Structures are given as C-alpha cells and as structure tokens.
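# Examination of the molecular architecture
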Amino acid sequence: MRILLIHSDYLKYKTKSKTKIAEKIDDKDKIGEFKEALVVFTAVEKEDEENPDGVVENAVSEVKDVLSKVGAKNVVVYPYAHLSSSLSSPDVAKEVLQKMESRLDEMNIPVARAPFGWYKAFEVSCKGHPLSELSRTVTAEPKKEEKVEEEKSKFYVIADGKILSTEEFRYKEGDFKKLVANELGKMESTGEEPPHVRLMREKSLADYEPSADVGHLRWYPKGRLIRDLLADYVYNLVTERGAMPVETPIMYDLADKAINAHAAKFGERQYRLGTKSKNLMLRYACCFGAFRILADSFLTWKNLPVGMYELSTYSFRLEKKGEVVGLKRLRGFTMPDLHTVCRDMDHAMEEFNDQIDMCKQTGVDLGVNYEVIMRATADFFEENRDWVMEAVSKIGKPVLLEILPERKHYWIAKMDFAAIDYLGRPIENPTVQIDVESGERFGITYMDQEEKEVNPIILHCSPTGSVERVICSLLEKTAAEMDEKPPMLPVWLTPTQVRIIPIAERHADFAMKLASDLKAQKVRVDVDEMHETVGKKIRNAGKEWVPYVVVVGDKEIEGNQLTVNVRKTGEKVSMDVDELVSRIHDETAGMPFRNLPLPITLSKRVHF
RNA sequence: GCCUUAGUGGCUCAGGGGUAGAGCGAUGCCUUGGUAAGGCAUAGGCCGGGGGUUCAAAUCCCCCCUAAGGCUCCA
C-alpha cells in the first residue's frame, strides 16, 4: 500500500461522476469539507491482497504515529489510485479503506473517508511545515510484537472411561508413554537420524531431489508402486463409504476473501507465486478445491452426508528448513483428504464416530500401531463430554486428551492418530476434525427440511495421513522391530512378492515359465537369472525384503513341489504353485493389486 | 530460520598443505552351482560450489548450497 500524508489547513471535495466500481453513498457524503485534517491519500496494491488485515493494522499505526507528531485534529482517508501502478482489486481496496476508517474510529480518532470509485474534484491546502508532506509504503509484514502468551492447553489421559491427570495415570512401557512424553515436551532426545531416511534410499523407494526445493522427493519405480497402491487403498476405502472422488487445482488466488482468510491461519508456511495480475498460493490440502465445489453445488438435506474425496498430489507447505526430514516432514507431499458435509453438530458427531472406525482400520490394514490424541476446545468438551468419552472408548486403549482453552483454528474437536517412530517420536498420520467455520466462510449451504438455507458442519478426514508418512511409519516400524523379526513390508505393498532363483542356466526357461504363471495370477514376481551363486542370490533377495523366495533346479523341474523360503518365519516350506498363490492371495485379500512396474529379470534392472 | 556437526567414485567411509585410497556395488572373464558374500581383472573422482591465503589447497580461512541433530513449529 502506498500512502501520501498531507497535513492540511483544509480539504474540500465534491463527487462528480461515478465509475463502474463506485460504492453506494448517501447524498450527504457527496460533498466533504474538513479543517486541520491529516489527509491520507491511499492506494491499495496487489500485494496487499494477501493479508489486507495486516496492511490495515500497519497503515493505521503509521497514520496514528504521524498524527501525534503533527497534531492534526482529524483524519481523512482519501482513495487515490494514482500512487501505484499495481493496484489491488476494487473489492479489496474498498475493504481495506473501510477497515482503516473503522479501526481509527475505534481508537477515538475523528475520522472521515472520501467515497471510493467516484471522480472527485478536490482542493487541499498543505501547511508546508517539514512533516506536512510524507509518503509511505506500508506492507503487511512487520507486526512481530504479537507474541502474546497464549493460555496453554491442558492434558489428561482417558482410560477405562475415566479422566485422569497425566501424572496419576500409570503408564506401561510402550508407544503411548512415548506419545505422552512427546506431547508434553518431556522427551529426552537421542540425537540419531531416523532410520527410514537410510531405508528409503537403500530400498530405492525415494530420494532427495537436489534440483528442486528442500523437502521435495523423487520417487523411483518401487516407491512409486507403493504410493500408487496406497492411493488405490484409500480410494477404495472412502468410495465404499460413499465418498465421491474429485480433482481440483493446486493453486488459488489470494484475492478470494474466503481463501485468504483460511490461508492467513497458515501464516508463513505457504508457497506463494505471482503472475502479472494475480497473487497465488499453492494449496496445503484439498480444502479449497472441495469447498469451492461444494459452495457451487446445490445441496439439500436429502444429499447429506456428502463426502468429497481427493488425493492431493501434491500438497505444499513451506516448512522451515530445519524441520524438513526424510519422509516425515516434507514441503511437497501427498495426502488423502476427505471432506464430509453434515447437517448439524449431532450429525457431524455421528459421522465422526464412523470415521474413527475408518482411521482405526487403516492401522490394521497397514500393520501399524497408532496411538491417539483427542483434542477439543474447552467449551465443546464441557457440552459434549459424553460424546467425547464414547468416541474415545472406540479406540479401546488409553487416549491422550488435550483441552484447548479456546478455538485457535477452524476445528472444535479432532482426533489425531500417530505412529511412533524408531526414536520414540510421533508421526502424525490419520486425523478427523470437526470444522465449524468453513461452511460459512466459503458460502457452503444446504436446503434443510424447512426449505431454509443452512451452513453445514464439515468434517475433515485423512484416513491414513500423508502417503509419505505412511511409508515413513512402515519403514520406522521395521527398523524398530529389526531385533525381533526380519524386516519387511506388508505383502500387499511389497514390490517383489516372489523371487525365483534358477540354479544354473539350464533352469532359466523353467523359472521364466513359472514366473509368467504367477504373474498371470496377479502375483508380483521376478527372476534372478544373474551369474551368481545361489547363496548370493538368496542374500540379495533378503536385502530386498522379498517375502517368498523360490529356488528352482532339477528337482523342481521333475516334480511339482517348490521349496519356498518364507521370510516372515524363516522357514523353508514345500508347496506347489497353487498353494503359493493362494497363500499370497489370502495374505493380501481385500487389498489393491498392481503389476510389478520393473523388468522381470534382474539383469535388465536399472540401479537407482 | 537459529545453533552444532558433516559433505572425498553409485553406496558406506579412511586420508588431512606436495602422485586420490579401501570395501560394497557396476562391468568383463573363469566357475554351472541346491539356500544369507566363489575367484580373478577392469572401469569409475573438478574431494559439494564460489572466493581467498600459499611456490603449492581435497586439506587452512571466508561466503554459499545440501544433509543430520537440537531449538522452534506442524490447521
């Protein structure tokens, strides 16, 4: 924003004719005359659209400062577009000017405002003393002094239907104890690197991409396969429950008020980009896209609940550099994001309970243990204590409860599910939230039974949390359990499910035939026909965490039994092809399948 | 973003003012083998980038980039 401050003897103006963007005014405002006024000629600029309120605050304090120095009697805010060549939209400009007026008024400073969007004749008499003419550029940025001590949350443990203080609860050794220690900031740190960072590279899943920004990854074929399978998994999970998949843009115009207000809560953690005429931000979740569709749809009470699902490939958050790590904290990541439109709070609470079940189920399907935090505002908790207790009881084990003194974000209640990493720190994964703000802010309405337009309550839910964090949890889990059992991924997610090892060259044809049989029955299989000893090839299969390894030689060609090395148990089991296939099918029942996106023979494979 | 530490072949690391090193991996040859490393050979390096100090810098100094840990933070 540009402002030109003139300390005047008097200012007179008279409206002449309207422009297209003129605001409506009373006749009395068509002429104005002010004596001993500090005239604030103001041009609101494009960049102010990102944070109009911040600009208003800073402009007002600037005006107040000058006012006290020159000792003018009153302030006139005067729209003056000619101070800038990069103007904001008229709507934002009007809003900013109005807010400047009302903020000054609140401070008991006599203030008037000349009408916006009119051609005006004016006459100003400048006093001519040193401070009587000042120009300033005002931005939204520096208002750092707002480090007000916020009232802190209170934490409790809910166990067996009782609310206990975090001190009186008796912890068993394990993930929940670690979660609480972390949440309360009582975690002693070991200073090691989380093992998943090494594993994601060692297993050729993903790696840092130095040519991108910090926190953006390249995904190799195996990693990409796992991502796709997880995407399929969540897609099936939510569509079975009636959600409708959509796809929406990854960037949004900050001139949109609702988006701006929502984005402002995210503060500095946004990627911004500009074109000649717009200020854009990259989305940090799918909320905007879903809300815009929902706002433009005609919803009725009969439709509800309406579930809208999108996998955000990608979501962007400009996390601080020192916080970005491996798969755990990224600047570009992929998150399943489900928004559910509910009639009212009762309905939302009912759906919330359903979604708890869904989140819980993902832990089972992925083989990952979740510990749970229920968070609620104090008001909500007092009014809905019974419901909270019931929701928590669905978890079937102790849950950490956070009571927030007041609403900080758009939600009044949420449940967070966290896996615990090798070093005992939480990886925040699934979440369900009750959003009481966005319905109104984004103009989402539905027609209720009395034919009235009503703002719905909206649930946000990510049933697995970000895809990257899911993979992170899986890898951390294998590292944590390394001493007890051989590390491996769930069979439905593992790239190579069966590795066939021919003993000598004359067994290669048989191995290839066997592989194509297995492949035809939807098993991901490959053949290690490299010029190596059997021992070496077994070892290599082990390094890749292949769950089933089949060595084929003369014996297997003659009979129809295979000797299968089962990684999970470390046993060598004799079975025929059908038994192997059905064993794998049983283990992966209900889970998505995709083909192995790699050459079937190892010698053709690229080393990433 | 701040503090600390680190960056040397694809990977894991040694070296530490004066010929650039090892293991694994890769490639080739020999071995045609029965369950977690067979043998021999070869290739592969602007020692993260830029500036400086020096006769001489991978090595010392400064700046930057990247990573890890910590702080802080994560709707």
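Predicted, not measured: the structure shown is a model, and the values here were computed from it.

## Examining the nonpolar core
Grouped together as the largest cluster of nonpolar side chains are 115 residues, with contacts concentrated most on Met374, Ile434, Val498, Ile500 and Leu518. Per-element accounting of this core gives the leading share, eight residues, to helix α5 (residues 221-240). Summarising the domain contributions, this core has at least three residues from each of domain 2 (153-476) and domain 3 (491-604). Counting 29 residues, the second largest nonpolar core, distinct from the first, contains Val60, Leu67, Leu104 and Val111.

## With respect to the domain arrangement of chain A
Assigned domains within chain A: domain 1 (2-137), domain 2 (153-476) and domain 3 (491-604). Distance between the C-alpha centres of domain 1 and domain 2: 43 Å. On the side of domain 2, eight residues touch domain 1, which itself brings eight residues to the contact. For the pair domain 1 and domain 2, the summed buried area comes to about 670 Å², and 42% of that belongs to carbon and sulfur atoms. Ranking the residues of domain 1 by area buried against domain 2 places Lys46, Glu49 and Glu50 at the top, with a combined share of 74%. At the junction of domain 1 with domain 2, the criterion picks out one salt bridge. With a shortest N-O distance of 3.9 Å, Glu95 and Lys257 are connected by a salt bridge. Looking at side-chain class alone, the side of domain 1 that touches domain 2 contains two nonpolar, one polar and five charged residues.

## Describing the sheet that holds strand β23 (residues 446-447)
If you trace the three strands from one edge of the open sheet to the other, you get β16-β23-β24, paired in mixed fashion. Each having just a single partner strand, β16 (299-300) and β24 (453-454) make up the two edges of the open sheet.

## Here's the deal with a negative patch on the surface
A contiguous patch of negative charge on the surface is contributed by Glu151, Asp379, Glu383 and Glu406. Relative to the elements of secondary structure, Glu151 occurs in the loop between β7 (133-137) and β8 (154-159).

## Some details on the protein's contact with RNA strand B
What surrounds RNA strand B is a group of 49 residues, the closest being Pro194, Phe266, Lys321, Tyr410 and His531. Here RNA strand B approaches the protein such that, of its atoms within 4 Å, sugar and phosphate make up 48%. Contact distances for RNA strand B include 3.0 Å between a base nitrogen and a side-chain N or O atom of Tyr284. Note that a phosphate oxygen of RNA strand B is positioned 3.3 Å from one of the side-chain N or O atoms of Lys536. Secondary-structure elements contributing two or more residues to the surface near RNA strand B are β21 (411-420), β22 (426-435), α14 (534-543), α15 (554-558) and β29 (562-566). A total of six residues in the surface near RNA strand B trace back to one element, the largest contributor, which is α14.

## Section: the packing of helix α4 (residues 195-202) against helix α12 (residues 467-480)
As a packed pair, α4 and α12 sit with axes 9 Å apart at the nearest point and diverge in direction by 105°. One way to sum up the angle between α4 and α12 is to call them roughly perpendicular. Contacts between α4 and α12 pair Pro195, His196, Leu199 and Met200 from the former with Cys472, Leu475, Glu476, Thr478 and Ala479 from the latter. Among the residues making up the contact of α4 with α12, the classes are represented as six nonpolar, two polar and one charged.

## Quick word on the pattern of salt bridges
With the rule as written, the count across this model stands at 49 salt bridges. Residue Lys99 is joined to Glu95 by a salt bridge in which the shortest nitrogen-to-oxygen separation is 2.9 Å. With Lys99 and Glu95 both in helix α2 (residues 90-106), this residue pair falls four residues apart, about one helical turn. Look at Lys99 and you get partly exposed, because its relative accessible area is 29%. Residues Asp232 and Arg594 are paired through a salt bridge, measuring 2.7 Å at the closest nitrogen-oxygen approach. Of this pair, Asp232 sits in helix α5 while Arg594 sits in the segment after α16 (577-587), placing them 362 residues apart in sequence. Overall, the relative accessible area of 32% leaves Arg594 in the partly exposed class.

## Notes on the sheet that holds strand β27 (residues 525-527)
With mixed pairing, five strands are arranged side by side in an open sheet as β27-β26-β28-β29-β30. What marks the edges here is a single partner per strand, and that holds for β27 and β30 (571-575). Across the sheet, the mean angle from the axis of one strand to that of its neighbour is 25°, orientation sign disregarded. Here five bridges tie β29 to β30, and the two strands are oriented antiparallel to one another. Bridging across to β30, Leu562 finds its partner in Met575. Seen against the sheet, helix α13 (residues 508-520) touches β26 (498-502), β27, β28 (548-552) and β29 and runs at an angle of roughly 165° to β26. The sheet strands contacting α16 are β26, β28, β29 and β30, and the helix crosses β28 at an angle near 170°.

## Regarding a nonpolar patch on the surface
Taken together, the side chains of Ile250, Met251 and Leu273 make up a nonpolar region of the molecular surface, amounting to roughly 200 Å² of accessible area. Positionally, Met251 belongs in strand β13 (residues 251-253). On the basis of relative accessibility, which here comes to 36%, the residue Met251 falls in the partly exposed class.

## Observations concerning α2
Along its 17 residues, α2 runs 24 Å from first to last C-alpha, staying within 8% of the 24 Å computed at 1.5 Å per residue. Against the buried residues of α2 lie β3 (37-43), α1 (52-70), β4 (74-79), β5 (111-113) and α6 (257-264). In the segment just after α2, Asn108 is the residue with positive phi, at about 60°.

Reading the values: rules and limits
Residues numbered from 1 in each chain as written. Chains lettered and ligands numbered in written order. Predicted model: local features only at pLDDT ≥ 70, side-chain atom pairs only at ≥ 80, totals over all residues. Heavy atoms only, no water. Core = buried A, V, L, I, M, F, W, Y, C linked by side-chain atoms within 4.5 Å. Buried < 20%, exposed > 50% of the residue type's maximum accessible area, 1.4 Å probe, protein only. Helix = DSSP H or I, 4+ residues; strand = E, 2+ residues; numbered from the N terminus. Domains from an automatic or database assignment. Contact = heavy atoms within 4.5 Å. Buried area = accessible area lost by both parts, 1.4 Å probe. Salt bridge = Lys/Arg side-chain N within 4 Å of Asp/Glu carboxyl O. Nonpolar A, V, L, I, M, F, W, Y, C, P; charged D, E, K, R; others polar. Pairing = 2+ DSSP bridges. Patch = residues over 30% accessible without salt bridge, like charges linked within 9 Å, V, L, I, M, F, W, Y side chains within 5 Å. Areas by Shrake-Rupley, 256 points an atom, 1.4 Å probe, with all protein chains shown as cover. Lys, Arg positive; Asp, Glu negative; His and termini not counted. Charge placed at Lys NZ, Arg CZ, Asp CG, Glu CD. Near = heavy atom within 4 Å. Polar contact = N/O pair within 3.5 Å; in protein donor to acceptor, adjacent residues only side chain to side chain. Axes fitted to C-alpha atoms, helices over the stretch in contact; angles between N-to-C directions. Parallel < 35°, antiparallel > 145°, perpendicular 65-115°, else oblique. Expected span 1.5 Å × (residues − 1).

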